[in-house]
Amino acid sequence: MAKKSIVIKETRRKYAVRVRNRCKMCGRPRAYMRRFGLCRICFRQEALVGRLPGVVKSSW
């Protein structure tokens, strides 16, 4: 996933406008879901285990 050095470097930004939303678990900047604070990969893992309240796997 994201390199630890890149995540640390992003936290020490000079300009507040350039802040990038990152996943709380892995630090991935892309495919970020603001509502949960996770990327799509971590979201799926957490949802399948049942750690996200209110999230149910769909079936039809």
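Not measured: the values here are computed from a predicted model.

Enquirer: Let's hear about the overall build of the chain: which residues, and what values?
Expert: Helices and strands together make up the secondary structure of the chain, namely two helices and two strands. Walking the chain from its N terminus toward its C terminus, one meets helices and strands in the order α-β-β-α. The C-alpha radius of gyration of the chain comes to 14 Å, more than 25% above the 10 Å expected for a compact globule of 60 residues. Considered along the principal axes of its C-alpha atoms, the chain spans approximately 50 × 20 × 15 Å. By residue count, 17% of the 60 residues in the chain fall in the buried class. The long-range fraction of contacts in the chain, counting pairs at least 24 apart against all pairs at least 6 apart in sequence, stands at 9%. Accessible surface, the chain as shown: approximately 5,500 Å² in total, 52% of it carbon and sulfur.

Enquirer: Describe the nonpolar core, naming the residues involved and giving the relevant values.
Expert: Among the nonpolar cores identified, the biggest contains six residues, and these are Cys-23, Leu-38, Cys-39, Cys-42, Phe-43 and Leu-52. Of all elements in the fold, only β2 (38–39) and α2 (40–49) reach the threshold of two or more residues within this core.

Enquirer: For the environment of Pro-29, give the residues involved together with the corresponding values.
Expert: Of note, Pro-29 is situated in the loop between α1 (4–11) and β1 (32–33). Taking relative accessible area as the criterion, Pro-29 reaches 24% and is therefore assigned partly exposed. Sequence separation between Pro-29 and Ser-59 is 30 residues; the distance between their C-alpha atoms is 29 Å. Residues within four places of Pro-29 in sequence aside, it is in contact with Arg-20, Asn-21 and Arg-22.

Enquirer: Report on the layout of surface pockets, specifying residues and quantitative values.
Expert: Of the voids in this model, the largest pocket is the one considered here, and its volume is about 160 Å³. Taken together, Phe-43, Arg-44, Ala-47, Leu-48, Val-55, Val-56 and Lys-57 form the lining of the largest pocket. The residue inventory of the lining of the largest pocket, partitioned by class, reads five nonpolar, no polar and two charged.

Basis of the calculations
Residues numbered from 1 in each chain as written. Predicted model: local features only at pLDDT ≥ 70, side-chain atom pairs only at ≥ 80, totals over all residues. Heavy atoms only, no water. Helix = DSSP H or I, 4+ residues; strand = E, 2+ residues; numbered from the N terminus. Rg over C-alpha atoms; globule rule 2.2 N^0.38 Å. Buried < 20%, exposed > 50% of the residue type's maximum accessible area, 1.4 Å probe, protein only. Contact = heavy atoms within 4.5 Å. Areas by Shrake-Rupley, 256 points an atom, 1.4 Å probe, with all protein chains shown as cover. Core = buried A, V, L, I, M, F, W, Y, C linked by side-chain atoms within 4.5 Å. 1 Å grid on protein atoms, 1.4 Å probe; cavity = no way out; pocket = protein on both sides within 12 Å on 5 of 7 lines; lining within 4 Å. Points joined across faces, edges and corners; volume = space filled by probe spheres on them. Nonpolar A, V, L, I, M, F, W, Y, C, P; charged D, E, K, R; others polar.

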